[in-house]
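Below are the chains, spelled out letter by letter.
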Amino acid sequence: MSFTAAVRSVFSQYVGFKGRARRSEFWWFFLFAFLLNALSRIIEDALGIELLLSLVVQLAYLLPLLAVMVRRLHDTDNSGWWLLIGIVPFIGGIILLVFAAIKGTSGPNRFGPDPKGHHELDAPLPENTPGLAT
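Residues numbered from 1 in each chain as written. Predicted model: local features only at pLDDT ≥ 70, side-chain atom pairs only at ≥ 80, totals over all residues. Heavy atoms only, no water.

A.B. asks: Hey, could you run me through helix H2 (residues 23-47) in this one?
C.D. replies: Helical periodicity: at 3.6 residues per turn, an α-helix aligns residues three or four positions apart in one direction. Between its terminal C-alpha atoms H2 stretches 36 Å, which fits the 36 Å expected from 25 residues at 1.5 Å a residue. Buried within H2 are the following residues: Glu25, Phe26, Phe29, Phe32, Ala33, Asn37, Ser40 and Glu44. Contacts from the buried residues of H2 go to helix H1 (3-12), helix H3 (52-75) and helix H4 (91-101). (Helix = DSSP H or I, 4+ residues; strand = E, 2+ residues; numbered from the N terminus. Expected span 1.5 Å × (residues − 1). Buried < 20%, exposed > 50% of the residue type's maximum accessible area, 1.4 Å probe, protein only. Contact = heavy atoms within 4.5 Å.)

A.B. asks: Sorry, what's going on with the UniProt feature "transmembrane region" (unreviewed entry) in the protein here?
C.D. replies: Mapped onto this numbering, the UniProt entry annotates "transmembrane region" (unreviewed entry) at residues 26-43, 49-69 and 81-102. As a span, residues 49-69 carries 86% helix and 0% strand, and end to end its C-alpha atoms are 31 Å apart. Annotation note: span residues 81-102, helix share 50%, strand share 0%, distance between end C-alpha atoms 18 Å. (UniProt positions renumbered as here; feature names shortened; annotations may be inferred.)

A.B. asks: Help me understand the environment of Leu52 in this model?
C.D. replies: Checked against the element boundaries, Leu52 lands in helix H3. Distance from Leu52 to Arg41, taken between C-alpha atoms, is 9.4 Å for residues 11 residues apart in sequence.

A.B. asks: Would you explain the packing of aromatic side chains in this entry?
C.D. replies: Where two aromatic rings form a pair, the distance of their centres and the angle of their planes describe that pair. Counted according to the given criterion, the structure contains 9 aromatic pairs. Arranged with centres 5.7 Å apart and planes meeting at 40°, the rings of Phe29 and Phe32 form a pair that is tilted. Placement of the pair is Phe29 and Phe32 together in helix H2, with a separation of 3 residues, close to one helical turn. You can call Phe29 buried: its relative accessible area is 0%. An aromatic cluster of three or more residues is present, and its members are Phe3, Phe11, Trp28, Phe29 and Phe32. (Phe/Tyr/Trp six-rings, centres within 6.5 Å; stacked < 30°, edge-to-face > 60°.)

A.B. asks: Before we go on, may I ask you to explain a nonpolar patch on the surface in this structure?
C.D. replies: Together, Phe11, Tyr14, Val15, Phe17, Leu55, Leu59, Leu62, Leu63 and Leu66 line one region of the surface with nonpolar side chains, adding up to about 790 Å² of accessible area. Here the nonpolar patch gets 5 residues from one element, more than from any other, and that element is H3. Mapped onto the fold, Leu66 is located in helix H3. (Patch = residues over 30% accessible without salt bridge, like charges linked within 9 Å, V, L, I, M, F, W, Y side chains within 5 Å. Areas by Shrake-Rupley, 256 points an atom, 1.4 Å probe, with all protein chains shown as cover. Salt bridge = Lys/Arg side-chain N within 4 Å of Asp/Glu carboxyl O.)

A.B. asks: Help me out: how do you make sense of the layout of surface pockets in this one?
C.D. replies: To find leftover empty space, a probe the size of one water molecule is rolled over the atoms. One number sums up the size of the largest pocket: a volume of about 210 Å³. Forming the boundary of the largest pocket are Phe26, Trp27, Phe30, Leu62, Leu65, Leu66, Met69, Leu83, Leu96, Leu97 and Ala100. Elements that contribute at least two residues to the lining of the largest pocket include exactly H2, H3 and H4. A total of 4 residues in the lining of the largest pocket trace back to one element, the largest contributor, which is H3. (1 Å grid on protein atoms, 1.4 Å probe; cavity = no way out; pocket = protein on both sides within 12 Å on 5 of 7 lines; lining within 4 Å. Points joined across faces, edges and corners; volume = space filled by probe spheres on them.)

Have a look at this one:
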């Protein structure tokens, strides 16, 4: 999934806490939010205002970020309630980082179909793949 496709997907499902999100969707949106926050801080410093613009920007992407994180947890076959472990200082953030980084469940799980659209083992091989004996 590309950067723009991921950002578009997250904003189109900004209150969608059901379903699953691929790693690429989560991490591209996370990068987008990070860059947007950095840009708002730079603009604030240039204009001499303090935390007004960045607060508005953070509020704008808070709900989409929570929704995509819950869907990412669903992809790893974990409940969205695991998001609350982030309240635990240091360890909670590490656990969420691990959940966001690990590979999702192949095939459907209790939260929906595989966001990749197929089970990796069931995917047919391309017909003209170099190096394969035919």
